[in-house]
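Per-entry structural report
Here's the letter readout for the chains.
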Amino acid sequence: MGCFPSKTRKHTPGYEEPTVLASETSFTVSEVEALFQLFRKLSSSIIDDGLINKEELQLALFRNRNKKNLFADRIFDLFDVKRNGVIEFGEFVRSLSIFHPDAPVSDKIEFAFRLYDLRQTGFIERDELKEMVVALLHESDLILSEDYIELIVDKTYTDADAKGDGRIDREEWKEFVSKNPSLIKNMTLPYLKDITLAFPSFVLQSEVQDFEM
Amino acid sequence: MRVPWFSKGFTRSISCPILDDQVEDGQEIARTKSPPPFYNAFEFISSMSSGFDLSNLFENKRKSGSLFTSKCSGSTIMATLETVAKTFNFRVVWSKGYKLKMEGESEGRKGKLAVTAEVYEVAPEVAVVEFSKAAGDTLEYKKFCEEDARPALKDIVWSWQGENNCQS
């Protein structure tokens, strides 16, 4: 299939065929092709290299390439599965798959846990939660007294740390989410169901175009 | 004793501009007995943070927030919401505790627009108000939030979700 023999197509590292990605994620082949259009747009916004770097993600999320943000950093680190400092197309699709409305809830719960586990210790520690609250206030340009920040963290921790051992493990997190399902609402992007409308992909076009470096 | 608030680079009043005792509300007595439900830190982070909001990857213009923080008491917020509803000819369908539903008088493109608002408490004197569309056309809902509700609520709003995120 396609007009060109595959050996003349050069793809950037991390590119995976839509058929492969569709078979291993919640997306259909046309959805993956539509994601490719989005990926091309994001990955060429600062450096046209077919890879999304940190600044390009910041640009996409905040319309400001220099905006440093703890939460965007976490997203970047989790999407950059190979930890090579860039988000490749395959990584992009596989990570976004978790945000699909049809993706298993257990995957979403796990991803959220890893997002909040800032230092990847396998636990969400109290100081990590506090760091995130402080980062959120900073992002929103708000200042709260230290006492109030402690109060928010304490009260949340009391609810979530069922075993009372000073840290939230995966089991406690799952339990907490089952009691508060809205905690993972940011783990579902309804847009992903209509992605082919937002980014119409023409099968012939995407196969014909070389992604040149 | 109130803890002083201040916001970087802005001069905002120290406390809620609407004095709580000026508010007359039938539910006032019921509400002062218990505060709004607790909005935990994870809820707060996942709702307010733009960094975790990947829908920004798909939208071309900045999303209008449907969530804001407030320094006012839950009762004041509820009373203000009810006033806003009346101002824009919305009927308050029901109002219970810290949740209310309002319905527009006229038929829109997809029937009458209905909006729910819920007040939560992050910490004493830090409330979060979440709007959601209960019925009607999404564009009309967004228009209501941005053009009608937002300016009308400015006295009680501390910060809207997604705001201030374009500054480096």
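Residues numbered from 1 in each chain as written. Chains lettered and ligands numbered in written order. Predicted model: local features only at pLDDT ≥ 70, side-chain atom pairs only at ≥ 80, totals over all residues. Heavy atoms only, no water.

Chain B carries the name non-specific serine/threonine protein kinase in an unreviewed UniProt entry, which gives Daucus carota subsp. sativus as its organism. Per its UniProt entry, chain B bears the Sequence similarities (unreviewed entry) comment "Belongs to the protein kinase superfamily. CAMK Ser/Thr protein kinase family. SNF1 subfamily." (UniProt positions renumbered as here; feature names shortened; annotations may be inferred.)

Within an unreviewed UniProt entry, the label attached to chain A reads Calcineurin B-like protein, and the organism entered is Daucus carota subsp. sativus. UniProt's Subunit (unreviewed entry) comment on chain A is quoted here verbatim: "Homodimer. Interacts with CIPK." Comment text from UniProt for chain A, heading Subcellular location (unreviewed entry), reads "Membrane".

**A look at the interface of chain B and chain A**
How big an interface is tends to be expressed through the accessible area that disappears when the partners come together. Residue-level contacts link 46 residues of chain B with 52 residues of chain A. Here chain B meets chain A over a buried area of about 4,500 Å², counting both sides, of which 67% is carbon and sulfur. Looking only at chain B, the three residues that lose the most surface to chain A are B:Phe42, B:Phe52 and B:Phe58, adding up to 20% of its buried area. A salt bridge links B:Glu130 to A:Lys185, with the nearest nitrogen and oxygen atoms 3.9 Å apart. If you look at where chain B meets chain A, you find six residue pairs in polar contact (both at pLDDT 80 or more). Contributing elements (two or more residues each) for the side of chain B that touches chain A: helix 2 (41–48), strand 4 (111–123) and strand 5 (126–135) of chain B. Residue composition of the side of chain B that touches chain A, grouped by class: 21 nonpolar, 16 polar and nine charged. (Contact = heavy atoms within 4.5 Å. Buried area = accessible area lost by both parts, 1.4 Å probe. Salt bridge = Lys/Arg side-chain N within 4 Å of Asp/Glu carboxyl O. Polar contact = N/O pair within 3.5 Å; in protein donor to acceptor, adjacent residues only side chain to side chain. Helix = DSSP H or I, 4+ residues; strand = E, 2+ residues; numbered from the N terminus. Nonpolar A, V, L, I, M, F, W, Y, C, P; charged D, E, K, R; others polar.)

**Details of the UniProt feature "domain: NAF" (unreviewed entry) in chain B**
Cross-referencing UniProt, the feature "domain: NAF" (unreviewed entry) maps to residues 34–59 of chain B in the present numbering. What you have in residues 34–59 of chain B is 31% helix and 0% strand, and the ends, taken at the C-alpha atoms, are 39 Å apart.

**Comments concerning the domain arrangement of chain A**
Residue and element names in this part refer to chain A. Parsing chain A into structural domains produces domain 1 (15–99) and domain 2 (106–187). Summarising the inter-unit geometry, the C-alpha centres of domain 1 and domain 2 are found 25 Å apart. Each partner contributes to the interface: domain 1 provides eleven residues, whereas domain 2 provides 15 residues. It is Arg-74, Leu-78 and Ile-98 in domain 1 that bury the most area against domain 2; as a group they hold 47% of the surface buried on that side. At the junction of domain 1 with domain 2, the criterion picks out zero salt bridges. For the interface between domain 1 and domain 2, the tally reads five residue pairs in polar contact (both at pLDDT 80 or more). Residue composition of the side of domain 1 that touches domain 2, grouped by class: seven nonpolar, one polar and three charged. (Domains from an automatic or database assignment.)

**Points about the UniProt feature "domain: EF-hand" (unreviewed entry) in chain A**
Residues and elements named next belong to chain A. Sites flagged by UniProt as "domain: EF-hand" (unreviewed entry) map to residues 67–102, 104–139 and 148–183. Annotation note: span residues 67–102, helix share 53%, strand share 0%, distance between end C-alpha atoms 32 Å. Secondary structure content for residues 148–183 is 64% helix and 6% strand, and the end C-alpha separation is 21 Å.

**What to know about the packing of helix 6 (residues 105–116) of chain A against helix 9 (residues 170–179) of chain A**
Residue and element names in this part refer to chain A. At a minimum axis separation of 10 Å, helix 6 and helix 9 run at an interaxial angle of 120°. In terms of orientation, helix 6 and helix 9 fall into the oblique class. Crossing of helix 6 against helix 9: the hand is right-handed. For the pair helix 6 and helix 9, contact is made by Ile-109, Glu-110, Ala-112, Phe-113, Arg-114 and Tyr-116 and by Arg-170, Trp-173, Lys-174 and Val-177, respectively. Taken together, the residues of the contact of helix 6 with helix 9 sort by class into six nonpolar, no polar and four charged. (Axes fitted to C-alpha atoms, helices over the stretch in contact; angles between N-to-C directions. Parallel < 35°, antiparallel > 145°, perpendicular 65-115°, else oblique. Left-handed = near helix turned anticlockwise from the far one by under 90°.)

**Topic: the sheet that holds strand 2 (residues 90–96) of chain B**
All names here are of chain B. Read from one edge of the open sheet, six strands run 2-3-4-5-1-6, paired in antiparallel fashion. Edge positions in the open sheet fall to strand 2 and strand 6 (159–160), since each of these has one partner strand only. Alignment of strand 2 against strand 3 (residues 99–108), held across six bridges, turns out to be antiparallel. Paired with Val-92 across the bridge in strand 3 is Met-102. Where helix 2 meets the sheet, it contacts strand 1 (67–70), strand 4, strand 5 and strand 6, and its direction lies at approximately 125° from that of strand 1. (Pairing = 2+ DSSP bridges.)

**Observations concerning the confidence of the model for chain A**
Residues and elements named next belong to chain A. Considering every residue of chain A, the mean pLDDT works out to 88; 89% of them sit at 70 or more. Taken together, the stretch residues 4–9 has pLDDT below 50 and engages in five contacts with residues farther than four places along the chain or on a different chain. A low-confidence stretch, residues 202–213 (pLDDT under 50), is modelled with 21 contacts involving residues beyond four sequence positions or located in other chains. (pLDDT = per-residue confidence, 0-100.)

**Remarks on the packing of aromatic side chains**
In this structure the tally under the stated criterion is 21 aromatic pairs over all chains. Measuring from ring centre to ring centre gives 5.0 Å for A:Trp173 and B:Phe42, while their planes differ by 65°; the resulting arrangement is edge-to-face. With A:Trp173 in helix 9 and B:Phe42 in helix 2, the pair connects residues from two separate chains. Taking relative accessible area as the criterion, B:Phe42 reaches 0% and is therefore assigned buried. (Phe/Tyr/Trp six-rings, centres within 6.5 Å; stacked < 30°, edge-to-face > 60°. Buried < 20%, exposed > 50% of the residue type's maximum accessible area, 1.4 Å probe, protein only.)

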